[in-house]
Amino acid sequence: VELESLGFDQWFAEKSNEFLKDGFSAARIVEVNKNNYKVSNGQNEIFAELSGKFLFNIENSVEYPTVGDWVAVQYFDDETLAIIHDILPRKTLLKRKDPGKAVAFQLIAANIDYAFIMQSADANFNLNRLERYFVMVSESKIQPIIVLSKTDLISAEELAEITDKIKRFQDKYLFLPISSISETGLEQMQSVLQKGKSYCLLGSSGVGKTTLL
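Definitions and limits used
Residues numbered from 1 in each chain as written. Predicted model: local features only at pLDDT ≥ 70, side-chain atom pairs only at ≥ 80, totals over all residues. Heavy atoms only, no water. 1 Å grid on protein atoms, 1.4 Å probe; cavity = no way out; pocket = protein on both sides within 12 Å on 5 of 7 lines; lining within 4 Å. Points joined across faces, edges and corners; volume = space filled by probe spheres on them. Nonpolar A, V, L, I, M, F, W, Y, C, P; charged D, E, K, R; others polar. Helix = DSSP H or I, 4+ residues; strand = E, 2+ residues; numbered from the N terminus. Salt bridge = Lys/Arg side-chain N within 4 Å of Asp/Glu carboxyl O. Buried < 20%, exposed > 50% of the residue type's maximum accessible area, 1.4 Å probe, protein only. Lys, Arg positive; Asp, Glu negative; His and termini not counted. Polar contact = N/O pair within 3.5 Å; in protein donor to acceptor, adjacent residues only side chain to side chain. Contact = heavy atoms within 4.5 Å. Phe/Tyr/Trp six-rings, centres within 6.5 Å; stacked < 30°, edge-to-face > 60°.

Which parts of the structure should I look at to understand empty space enclosed by the protein?
Left-over empty space is what a probe sized like a water molecule reveals as it rolls over the atoms. Considering all chains together, one arrives at two cavities of 30 Å³ or more under this definition. By volume, the largest cavity is sized at about 50 Å³. G7, D9, F12, R28, W70, K91, N111, D113, G196 and S198 together form the lining of the largest cavity. Across the lining of the largest cavity, the residue classes tally to two nonpolar, four polar and four charged. Put simply, the second largest cavity is a space of about 30 Å³. Lining the second largest cavity, in full, are Q119, F125, L130, I146, V147, L148, I162, I166 and F175.

Here it is in structure tokens:
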């Protein structure tokens, strides 16, 4: 039940059988630091490290765990330490090209179901940028949801103009105009969230991601 609350559904259960042997358990990566990780088992968040064998077998950046990954772990010291032995099959993987490198990627998150693509109603709004985000999440097989923040800064007429500009996307993607200050649209946004699904927020600096969270 605890793992299901983190998104461990039937798909992961079926894919993980061969990995969860010899006392290994499933846990989800919730934090990535330079040389260590933090995993959750649905009850506690636990400090984690990669096993020596796992490190030895890594050949490229995509094979490292990232936030959202399900991993096979072995617990030690009364479950205050977890050793990561393998990454369970990924349902989705959100990544971007590593600047200046021919084939390397920066991992953003794994096993995301929906991406809130966030732009603000001020000068940040940019259709070309929005479309680039669509391409990135679609390549990762993630369902995008458009979020327009800071609608308290514009008039109803200006909001209607922006809505008209993205009309061609609204047949495919949900559009949520919101304001974290006036709380307009937040109830609708909350109603979209589904238990057991994983969401990420994407958007430029300053669009209001932290305020919304």
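Following the structure, the description resumes.
Got a minute to help me understand the layout of surface pockets in this structure?
If you add up the space inside the largest pocket, you get close to 270 Å³. If you go around the largest pocket, you meet 17 residues; those closest to its centre are R28, I29, V67, G68 and I112. When residues of the lining of the largest pocket are traced back to their parent elements, those giving at least two are β1 (25–32), β7 (105–110) and β11 (199–202). Across the lining of the largest pocket, the residue classes tally to 10 nonpolar, five polar and two charged.

Just to check I follow, could you spell out the pattern of salt bridges for this structure?
Should their charged atoms come close, side chains of opposite charge can pair. In the structure shown here, the tally under the stated rule is six salt bridges. When the shortest N-O distance is used, the salt bridge between K38 and E31 registers 3.7 Å. Of the residues examined, E31 reaches a relative accessible area of 30% and is grouped as partly exposed.

It is not clear to me how the side chain of D113 should be interpreted in this structure. Could you clarify?
Topologically, D113 is positioned in the loop between β7 and β8 (114–120). Despite its burial, D113 pairs with no opposite charge, the nearest such side chain being K91 at 4.5 Å. Within the local environment of D113, its side chain forms a polar contact with the backbone nitrogen of S198, the two atoms lying 2.8 Å apart. For D113, the contacting residues outside a window of four places in its chain are K91, I142, Q143, G196, K197 and S198.

I would appreciate a short explanation of the packing of aromatic side chains in the present structure.
Enumeration according to the criterion identifies eight aromatic pairs in this entry. Between the aromatic rings of F8 and F12, the centroid separation amounts to 6.2 Å while the plane-to-plane angle is 20°, which identifies the pairing as stacked. Look at F8 and you get buried, because its relative accessible area is 13%. Look at F116 and Y199: their rings are 5.5 Å apart centre to centre, the planes differ by 15°, and that puts the pair in the stacked class. Within this pair, whereas F116 is found in strand β8, its partner Y199 is found in strand β11, the two being separated by 83 residues in sequence. With a relative accessible area of 5%, F116 lands in the buried category. Members of the aromatic cluster, joined through ring pairs, are F8, W11, F12 and W70.

The values reported here are purely geometric and, on their own, carry no functional implication.
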